[in-house]
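Here is what each chain is made of, one letter per residue.
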Amino acid sequence: MAMLFHGRSRLSASRTVLVTSAVVTAVIIGVRQTGFLQPLELSGFDQLTRLRPSEKPDDRLLIVGIHDQDSHARETPLTDRTVRLLLENLEALAPRAIGLDIIRDVPVGSGKNTILEYLQLLETMQRTERLIAVCRVRDRFDHGFLPPGGLKADQIGAVNLEADPDGILRRALLTVLPPTNASGEAASVCEDSDAALGFGLQLALRYLNVEGIALERSSNGSLKLG
């Protein structure tokens, strides 16, 4: 009789634990769905990121920046002539890919040669097949901007960014789903696909292409490399 009572007590305790666990789990999931825990989660993620060991610069990458001490720093933004000369100098080094993260959807210059210099820049861009230029796909908050004219789809990468609710950028988009106008046609080559590829992804693909690694799309829309 004592053994039977002890068995029932253990069963009752197990049920209590299971019910309590289910209630606590449901409450946590409910609170999490409201976004109440998100600031704590993002803060914890940031702290863990800071604790990661520092990584050495990758010698396969070269970043060309513009600083206050540069002679062209007074140009805001850089003129078409300066950008063209920059591309020509980089092209002479024969890199696998050149990423130009400079908006160039309209002529930028001064004087009567502005249009001519813009056309010369576009000609250089079109001739530099390893070049990846930037555009921004439209959305309900942003009109975006067009890529330089005359470039092919694989020479263009989207630079749409998604900030978290606290206004901090923690991620980059691999693909961006472009909108369509009333006629169903894309507004530009930047949006002329099922999903525009991100700027960083386009550069990585151009680099990996030399290694014989190409992007594959599965039937469910996933992306696969190697």
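Quantities reported herein were computed from a predicted structural model and do not represent experimental measurements.

Quick notes on the rules
- Residues numbered from 1 in each chain as written.
- Predicted model: local features only at pLDDT ≥ 70, side-chain atom pairs only at ≥ 80, totals over all residues.
- Heavy atoms only, no water.
- Helix = DSSP H or I, 4+ residues; strand = E, 2+ residues; numbered from the N terminus.
- Disulfide = S-S within 2.5 Å.
- Contact = heavy atoms within 4.5 Å.
- Axes fitted to C-alpha atoms, helices over the stretch in contact; angles between N-to-C directions.
- Parallel < 35°, antiparallel > 145°, perpendicular 65-115°, else oblique.
- Left-handed = near helix turned anticlockwise from the far one by under 90°.
- Nonpolar A, V, L, I, M, F, W, Y, C, P; charged D, E, K, R; others polar.
- Salt bridge = Lys/Arg side-chain N within 4 Å of Asp/Glu carboxyl O.
- Buried < 20%, exposed > 50% of the residue type's maximum accessible area, 1.4 Å probe, protein only.
- Pairing = 2+ DSSP bridges.
- Patch = residues over 30% accessible without salt bridge, like charges linked within 9 Å, V, L, I, M, F, W, Y side chains within 5 Å.
- Areas by Shrake-Rupley, 256 points an atom, 1.4 Å probe, with all protein chains shown as cover.
- pLDDT = per-residue confidence, 0-100.
- Polar contact = N/O pair within 3.5 Å; in protein donor to acceptor, adjacent residues only side chain to side chain.

Moving on to unusual backbone geometry. The general pattern is negative phi for most residues beyond glycine and trans for most peptide bonds. Non-glycine residue A94 carries a positive phi angle of around 55°. Along the chain, A94 falls in the loop between α3 (80-91) and β1 (98-99).

This paragraph deals with the state of the cysteines. Summed over the entire model, instances satisfying the criterion amount to one disulfide. Between C135 and C190 runs a disulfide, and the two sulfur atoms are separated by 1.9 Å. A torsion of 65° about the S-S bond marks the disulfide between C135 and C190 as right-handed. Of this pair, C135 sits in strand β2 (residues 131-135) while C190 sits in the loop between β6 (175-176) and β7 (196-197), and the two are 55 residues apart along the sequence.

Moving on: the environment of V134. Among the structural elements, V134 can be located in strand β2. Expressed as a C-alpha distance, the spacing of V134 and F145, which sit 11 residues apart in the sequence, is 8.8 Å. Setting aside anything within four residues of it in sequence, one finds V134 in contact with L100, D101, I102, I103, F145, L146, P147, P148, G157, V159 and F199.

Direction vectors running N to C along α3 and helix α4 (residues 114-127) enclose 25°, while the axes themselves pass 8 Å from each other. When the axis of α3 is compared with that of α4, the two are roughly parallel. Taken as a pair, α3 and α4 cross one another with a handedness that is left-handed. Contact with α3, carried on its side by D80, R81, V83, R84, L87 and E88, involves T114, E117, Y118, Q120, L121, T124, M125 and R127 of α4 and no other residues of that element. Among the residues forming the contact of α3 with α4, the class breakdown is five nonpolar, three polar and six charged.

Attention shifts here to the pattern of salt bridges. In the structure shown here, the tally under the stated rule is 12 salt bridges. Measuring nitrogen to oxygen at the nearest pair gives 2.8 Å for the salt bridge that ties D80 to R104. Pair noted here: D80 is in helix α3 and R104 is in the loop between β1 and α4, with a separation of 24 residues, a long-range link. Taking the relative accessible area as the measure of exposure, D80 reaches 0% and is therefore buried. We classify R104 as buried; its relative accessible area is 2%. With a closest N to O distance of 3.3 Å, R84 and E88 form a salt bridge. Of this pair, R84 and E88 both sit in helix α3, four residues apart, which is roughly one turn of the helix. For E88, a relative accessible area of 31% translates into the label partly exposed. One network of salt bridges, with partners in common, ties together D46, D164, D166, R170 and R171.

So, on to the sheet that holds β2. Here three strands make up an open sheet; going across it, the order is β1-β2-β3 and the pairing parallel. Bordering the open sheet on either side are β1 and β3 (156-158), each of which pairs with just one other strand. Where β1 lies against β2, two bridges are found, and the strand directions are parallel. In the sheet register, G99 faces β2, and the bridge partner there is I132.

A separate point is a nonpolar patch on the surface. Together, V19, V23 and V27 give the surface a local cluster of nonpolar side chains, amounting to about 260 Å² of exposed area. Mapping V27 onto the fold places it in helix α1 (residues 2-33).

Attention shifts here to the confidence of the model for the protein. It should be kept in mind that the predicted coordinates are not to be read in detail where pLDDT is low. Looking at the protein, the pLDDT average stands at 84 and 87% of residues meet or exceed 70. Confidence, read as mean pLDDT per element, is least for α1 in the protein (69) and greatest for β1 (96).

Right, let's get into the environment of R136. When you line up the elements, R136 lands in the loop between β2 and β3. Here the alpha-carbon distance between R136 and G157, two residues 21 residues apart in the chain, equals 8.2 Å. Beyond its immediate chain neighbours, meaning those up to four positions away, R136 contacts D142, G144, F145, V159, N160 and C190. A polar atom in the side chain of R136 sits 3.1 Å from the side chain of D142.

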